[in-house]
Amino acid sequence: MVNRGMIKSRKIGIAVALLWGIICFLFFQFFYPYHLFHREQMQLFLFEPGYLFSYFNKPAWLASLLGDFLTQFFYYIGGGAVTITLTLLVLIATGFWSLKKLFSGLPAFTIILLIASWEALRNTGVVYPLSATVALIGGFAIAGIGLSLKLKQTPRVFVNLLLLLIGYWIFGYGAWVALLLLLTGEFKNHFKIISVVYFAVLILPFLLRPHYLVPLRDAFQYPMNLFWNTPDLHEEEIFAMSIESDRGNWDEVLKTARKYDQNDQNATYYYNLASSHLNQLPENLLDYYQPGEYGLFLKLSYRSSFLSILFSNQAWFWVGDLTMSEHSTVLGQIFSYNQRSSRMVKRMAEINLIAGEEKAADKYLTMLEHTLCYRKWAQNRRPENQSEAFKKWIIRKRLNCSSVDTLRANNDVVASLRNLLDHNPTNKAARDYLLCFQLLSKNIDGFVADYNAYAKPLGTAPCELYTQALLISLARNNAGPKEYLAYKLDKSLVDDFWKYTELYKKRDSKSLGEEFKSSYWFYYHFATIKVGEG
Amino acid sequence: MLKYIYIFLTGLAIAFYSCSPNTNSDSVKDELPEIFPDYKNVTIPYNIAPLNFKMQGNVDGIALRIENKSGNYIAVKGTDHISIPAKNWSNLLELSKGSEISFTVFAKENDKWVEYKPFPVSVSADPIDYGIAYRLIAPGYELYSKMGIYQRELASYNQETIIENTLLTGSCINCHSFRLTDPDDMSLHIRGQKGGTILATDGDVKILNTKTPKTISNFVYPFWHPSGDYLTYSVNNIQQVFHETKDKRVEVIDSESDLIVYDVNKNETLYCDKIMTKDHFETFPSFSPDGKKLYFCAAEAKQMPMQYQDVRYNLCSIDFDPATGTFGNEVDTLFNAAAIEKSITFPRPSPDGKYIMFTLVDYGNFSIWHKEADLYLLDLESGDVQPLEAANSDDTESYHSWSSNSRWFVFSSRRINGLYTRPYISHLDENGQASKAFLLPQKNPEYYEELLFSYNIPEFINKEVELNVRTVEHLANTEGTNVAQRE
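Given the structure is predicted, the values throughout are model-derived calculations rather than measurements.

(A) Examining the overall build of chain B more closely. What chain B contains, in helices and strands, is four helices and 36 strands. Its C-alpha atoms give chain B principal-axis dimensions of roughly 75 × 50 × 45 Å. Across chain B, the fraction of contacts at a sequence separation of at least 24, relative to all contacts at a separation of at least 6, is 57%. Split by element, the accessible area of chain B, about 18700 Å² in all, is 45% carbon and sulfur. In chain B, 44 positive and 66 negative side-chain charges are present, and the distance between their average locations comes to 3 Å.

(B) Here's a closer look at the pairing of strand 5 (residues 61–68) of chain B. Residue and element names in this part refer to chain B. Of all eight residues that make up strand 5, six are buried, and the element is covered over most of its length. As defined by bridge partners, strand 5 adjoins strand 8 (residues 100–109) across eight bridges and the pair is classed as antiparallel. Paired with alanine 63 across the strands is phenylalanine 106, a residue of strand 8. Note: strand 5 against strand 6 (residues 73–78), six bridges, orientation antiparallel. Bridge pairing links isoleucine 66 to isoleucine 74 in strand 6. As consecutive antiparallel partners, strand 5 and strand 6 are separated by four residues, and within that stretch glycine 71 has a phi angle of approximately 90 degrees, a positive value.

(C) The arrangement of the nonpolar core in detail. A:Phe297, A:Tyr520, B:Ile44, B:Trp89 and B:Phe103 are the most contacted members of the largest nonpolar core, which has 226 residues in total. Formed by 25 residues, the second largest nonpolar core is a distinct cluster that contains B:Met147, B:Leu168, B:Cys172 and B:Ile190.

(D) Expanded view of the domain arrangement of chain A. Residue and element names in this part refer to chain A. In terms of domain boundaries, chain A breaks down into domain 1 (2–221) and domain 2 (233–400). Just the C-alpha atoms count here: the centres of domain 1 and domain 2 sit 35 Å apart. The junction of domain 1 with domain 2 conceals about 2400 Å² of combined surface from both sides, 61% of it contributed by carbon and sulfur atoms. Our enumeration of links across domain 1 and domain 2 arrives at twelve residue pairs in polar contact (both at pLDDT 80 or more). In terms of residue count, helix 2 (residues 33–41) provides more of the side of domain 1 that touches domain 2 than any other element does, seven residues in total. Within the side of domain 1 that touches domain 2, the residues separate by chemical class into 17 nonpolar, six polar and three charged.

(E) Structural detail: a nonpolar patch on the surface. Residues and elements named next belong to chain A. Taken together, the side chains of Phe53, Phe56, Leu162, Leu165, Ile166 and Trp169 define a hydrophobic patch exposed on the protein surface, amounting to about 550 Å² of accessible area. Ranked by residues supplied to the nonpolar patch, first place goes to helix 8 (residues 153–171) with four residues. Mapped onto the elements, isoleucine 166 comes out in helix 8.

(F) View of the confidence of the model for chain B. Mean pLDDT over chain B: 92, with 94% of residues reaching 70 or higher. Counting interchain partners and residues more than four positions distant, the pLDDT-below-50 stretch residues 15–22 of chain B has 15 contacts.

(G) Region of interest: the packing of helix 6 (residues 105–122) of chain A against helix 7 (residues 130–148) of chain A. All names here are of chain A. Packing of helix 6 against helix 7 brings their axes to within 10 Å, and their N-to-C directions diverge by 160 degrees. In this view, helix 6 runs roughly antiparallel relative to helix 7, as classed from their interaxial angle. The handedness of the crossing between helix 6 and helix 7 comes out as right-handed. Together, Ile112, Ile115, Trp118, Glu119 and Arg122 of helix 6 and Ala132, Thr133, Leu136 and Phe140 of helix 7 make up the contact between the two elements.

(H) Geometry of the side chain of A:Asp68. Residue placement: A:Asp68 occurs in helix 4 (residues 61–71). Contact partners of A:Asp68, with chain neighbours within four places excluded, come to A:Gln43, A:Phe45, A:Tyr51, A:Tyr55, A:Tyr337 and A:Asn338.

(I) Fine view of the packing of helix 4 of chain A against helix 7 of chain A. Residue and element names in this part refer to chain A. Contact geometry of helix 4 with helix 7 gives a least axis separation of 7 Å together with a crossing angle of 130 degrees. One finds that helix 4 runs oblique with respect to helix 7. Handedness of the helix 4/helix 7 crossing: right-handed. Facing Ala63, Ser64, Leu66, Gly67, Leu70 and Thr71 of helix 4, the residues of helix 7 in contact are Leu130, Ser131, Val134 and Ala135. Looking at the contact of helix 4 with helix 7 residue by residue, the classes come out as six nonpolar, four polar and no charged.

(J) Representation of the packing of aromatic side chains in the model. In this structure the tally under the stated criterion is 66 aromatic pairs over all chains. Between A:Phe447 and A:Tyr466 the ring centres are 5.6 Å apart and the planes differ by 50 degrees, which places this aromatic pair in the tilted class. Of this pair, A:Phe447 sits in helix 25 (residues 444–455) while A:Tyr466 sits in helix 26 (residues 464–476), placing them 19 residues apart in sequence. Members of the aromatic cluster, joined through ring pairs, are A:Phe497, A:Trp498, A:Tyr500, A:Tyr504, A:Phe516, A:Trp521, A:Phe522 and A:Phe526. Note that B:Arg65 overlies the ring of B:Tyr73, its terminal NZ or CZ placed 3.9 Å from the centroid. A cation sits over an aromatic face here: B:Lys97 above B:Tyr46, 4.1 Å from the ring centre.

(K) Layout of the interface of chain B and chain A. Taken residue by residue, the interface counts 43 residues in chain B and 53 residues in chain A. Remark: the boundary between chain B and chain A carries two salt bridges. Across the pair B:Glu164 and A:Lys58 runs a salt bridge, and its minimum N-O distance is 3.6 Å. Where chain B meets chain A, there are ten residue pairs in polar contact (both at pLDDT 80 or more). Listing elements by their share of the side of chain B that touches chain A, those giving two or more residues are strand 13 (159–164), strand 19 (230–243), helix 3 (447–450) and helix 4 (469–476) of chain B. By residue class, the composition of the side of chain B that touches chain A is 18 nonpolar, nine polar and 16 charged. Judged from the two bridges that link them, strand 1 (residues 407–408) of chain A and strand 19 of chain B form a sheet pairing that is antiparallel. What sits directly across from A:Arg408, in strand 19 of chain B, is B:Phe242.

(L) A look at the pattern of salt bridges. Residue and element names in this part refer to chain B. Under the defined criterion, the tally for this structure stands at 38 salt bridges over all chains. Put simply, lysine 54 and glutamate 449 hold a salt bridge, and the shortest N to O gap is 2.8 Å. Of the two residues, lysine 54 sits in strand 4 (residues 53–55) while glutamate 449 sits in helix 3, which places them 395 residues apart along the sequence. Overall, lysine 54 belongs to the buried group, its relative accessible area being 11%.

(M) Up close: the sheet that holds strand 13 of chain B. Residue and element names in this part refer to chain B. Ordered in space as 13-12-11-34, the four strands form an open sheet in which the pairing is antiparallel. The outermost strands of the open sheet, each flanked by one partner alone, are strand 13 and strand 34 (454–461). Each neighbouring strand pair of the sheet contributes to a mean axis angle of 25 degrees, computed without reference to strand direction.

(N) Focus on the environment of B:Ser317. Position of B:Ser317 among the secondary structure elements: in strand 24 (residues 313–321). For B:Ser317, the contacting residues outside a window of four places in its chain are B:Lys293, B:Leu294, B:Tyr295, B:Phe296, B:Glu330, B:Val331, B:Asp332 and B:Leu334.

(O) Spatial organisation of unusual backbone geometry. Cis geometry is adopted by the peptide bond preceding A:Pro223, which originates at A:Tyr222 and carries an omega value of 0 degrees. Tracing the backbone through its elements, the reader meets A:Pro223 in the loop between helix 11 (216–221) and helix 12 (233–246). Of note, the bond from B:Phe36 into B:Pro37 is cis; its omega dihedral lies within 30 degrees of zero at -10 degrees. Its place among the elements puts B:Pro37 in the loop between strand 2 (35–36) and strand 3 (43–45). The phi angle at A:Leu213 is positive, at roughly 55 degrees, despite the residue not being glycine. Note that A:Leu213 resides in the loop between helix 10 (203–212) and helix 11. Of note, the phi angle at B:Asn41 is positive, near 60 degrees, even though the residue is not glycine. Its relative accessible area of 42% is what places B:Asn41 among the partly exposed residues.

(P) Molecular detail of a positive patch on the surface. Taken together, A:Arg10, A:Lys100, A:Lys101 and A:Lys150 make up a surface patch of like positive charges. When you line up the elements, A:Lys150 lands in the loop between helix 7 and helix 8.

(Q) Summary view of helix 12 of chain A. Residues and elements named next belong to chain A. Between its terminal C-alpha atoms helix 12 stretches 20 Å, which fits the 20 Å expected from 14 residues at 1.5 Å a residue. Counting buried positions along helix 12 gives eleven out of 14 residues, so the element sits mostly inside the fold. Here helix 12 has its buried residues at Glu235, Glu236, Glu237, Ile238, Phe239, Ala240, Met241, Ser242, Ile243, Glu244 and Ser245. Downstream of helix 12 by one or two residues, glycine 248 has phi in the positive range, about 80 degrees.

The rules behind these values
Residues numbered from 1 in each chain as written. Chains lettered and ligands numbered in written order. Predicted model: local features only at pLDDT ≥ 70, side-chain atom pairs only at ≥ 80, totals over all residues. Heavy atoms only, no water. Helix = DSSP H or I, 4+ residues; strand = E, 2+ residues; numbered from the N terminus. Contact = heavy atoms within 4.5 Å. Areas by Shrake-Rupley, 256 points an atom, 1.4 Å probe, with all protein chains shown as cover. Lys, Arg positive; Asp, Glu negative; His and termini not counted. Charge placed at Lys NZ, Arg CZ, Asp CG, Glu CD. Buried < 20%, exposed > 50% of the residue type's maximum accessible area, 1.4 Å probe, protein only. Pairing = 2+ DSSP bridges. Core = buried A, V, L, I, M, F, W, Y, C linked by side-chain atoms within 4.5 Å. Domains from an automatic or database assignment. Buried area = accessible area lost by both parts, 1.4 Å probe. Polar contact = N/O pair within 3.5 Å; in protein donor to acceptor, adjacent residues only side chain to side chain. Nonpolar A, V, L, I, M, F, W, Y, C, P; charged D, E, K, R; others polar. Patch = residues over 30% accessible without salt bridge, like charges linked within 9 Å, V, L, I, M, F, W, Y side chains within 5 Å. Salt bridge = Lys/Arg side-chain N within 4 Å of Asp/Glu carboxyl O. pLDDT = per-residue confidence, 0-100. Axes fitted to C-alpha atoms, helices over the stretch in contact; angles between N-to-C directions. Parallel < 35°, antiparallel > 145°, perpendicular 65-115°, else oblique. Left-handed = near helix turned anticlockwise from the far one by under 90°. Phe/Tyr/Trp six-rings, centres within 6.5 Å; stacked < 30°, edge-to-face > 60°. Lys NZ or Arg CZ within 6 Å of the ring centre and 35° of its normal. Expected span 1.5 Å × (residues − 1).

Here's what the structure looks like:
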């Protein structure tokens, strides 16, 4: 009867754990996949002895090594959700095994299920390393081993202390879980004063900190870096745009941006970038939230968020400024987890291939060849393996790179774009970015000067956005019909402009908002430029 | 007699050492092997770590026979690289001081062993210092993340951390400097929310707030007086600007710069109008080995950044009296680089007082990102200036430091991939001729390939740096000592 009851309980427990696992999988797979792709991109796991040995330089080497190894699988579609779910199920199994030695089945199961749920929530954090989950598993495993020892108290305490010391060395903060459980075990076994020996493990972070060169708090909690987190679906949408842009799915980026319609600088950045890739930047520009010019190029400063720094290379790469793209990429690299990002290394390889810096490109390709997920990507970009399409892509990108050198400050976007256009007047991406940049910063004179220099000579009629801006300038300068004609303006837009002007003079903001909300005139008069720091 | 027995036994031990390499080749190529790092025809000190290397390109195996003129040899075999046993290597070098050893490389290509033409490596009898200290930093600009200052023993591969900014979150650590390679006297800047200038003098460590009403900035580029009683620093208003073309990348320019001398014992800054002029930029100071001259770079002040390409630094000097802490009245120009449309950076006098080594570029002072940057040597006796051709490459050679015996110099070079600086070491003979430089050896030659940090400011040290990181951490979180100014 008892056995049958136990078997039934066990079956129920397994079923609940599996159900929990299915919910976990479904959440990460369908509601949170881009966070996991992003987490993989923020590391670069190399199958290289030197890299692997470097794990010994920080606490919790085994947890970190295993966690980073497993994080690689986040690269694959479905890989992240499967890996996290399986890791958490292992946590449940290990935790239950050790807790069962202290508590009866139901409390033990409830505790570990709560811990696993807490851990699942922490895994929704973008910088939370999977190694922290592995550290917990390790902590429970050590506790389980310690609690299984059939020794007399004194030898048991010293063996357990040894386990705790090793536990801290290989699992970092997981050792505190083991400490807690082992102490609980001692209390349950009629606590004796000798058990305070366990607390000796708390000295280790103090002793090893100078070797590991980490602040005291990090020495105690490594590799864990946050106690609590809840899913950030807003961030998930940003990552969706970021990851799809990295895959070159620009339609998807635009669709995602429009779907969520966020008032977020990074979302605008991807909306604009996707529009430009789809050759629709001026056409789409004012259909979306625009935080001034900061939605075109993300500003790099000490106050910039890590995501802005990380994303910022893409616009520069797209318009052809390799110096700024490389600058942004290096910053993205050094601010990523352990200063290694697969995405940034790939971008560095591309930049140097385009720049013809073969030795530098070779360095990055060699690194990528030492990875599980990017080996093929790197091999296909070796000069001897490059496809015709890739060769043509390099040639196209090279056409945009300037050969005329000048100096400029990092935030002098206009100087960079003008230089690119002086070098290659057919660089439409740079032209649209320059003109839109001038418009978003409400620099009408700058816009007209650049339009005259880089767009007017093409002889085509301006698009609606540019026409609207030109009309402001023409009206301000009391231009004559000849000047209007020189720009080949759409007559219906000229009529609209006078209509807008009438409404504006009447201060009829309701009608202006209804009829002209997406016009440049409305933006010019009513938009407030925010200082974007990402 | 004992010496000869020792030599005999050591020779025997070496001769019998083998990882059983098959050095019987299937064919012989009349060409030198392409190896990384390139150690062909270099001159090395007898107390350097083994020169491990790998073949460029794919091979199925690699073997090496190193032999000295007395017939002592080491034979090693590897799969993807050569890893020379340290003990045998050091014994062989000890026996080969002042002569050459020959490297014969065998590579397994298409299942056949190919023997390449041997190449010599000269083993100098001039010893090299204990190690080098350097900063490892990602080659980013404007913003920084993780960085650290490390020391490397040259006779082994041991790298130890002196300090990392992981300990001082958000800080930048830079400009480490030692007095004549002695790490007991050390200067180091910590910038950021926490920090100041760390000054270690014979076990006493303090942190200084170095901005004074009379100076335009905190202390920047340092150099110790040989007595240890003074340090000279530049003070600079620095700005970073970017090149449009990728091969040049970034330029760091001074809109103003001056020099000062800091009196360590009195905690005072000494000033001299001659090196704090408005119409010149003065920077990169260094003291002569006798302590009686202050060398520095000076350029006519220009509108920055508009005229950045017109800024050209000359090598200058001014007398300094260490007894009184006073300066001479005249600034001498030792080398007028501007006259040949060049610019000088990092003048470093050799400890024996014979030479000044400097970097020569087309303009400006940020030689580290100038591809044309090369090392030059000024003979102080004859006044001759010569490029160190054997040490230079087509890419950047920039920061350099002398060994304490003036026979070796270490410098940073971008020659491997144009992006990351790596430490190279070269020998200078008694005639001022440099040897081909060799890359600091690593246990695994692929170490440099996966390293995403640049070696910055390599400085020789004559013993291990012992900086207590807890002390530094504590000091960085305290109010520093304000530097006084001598009226």
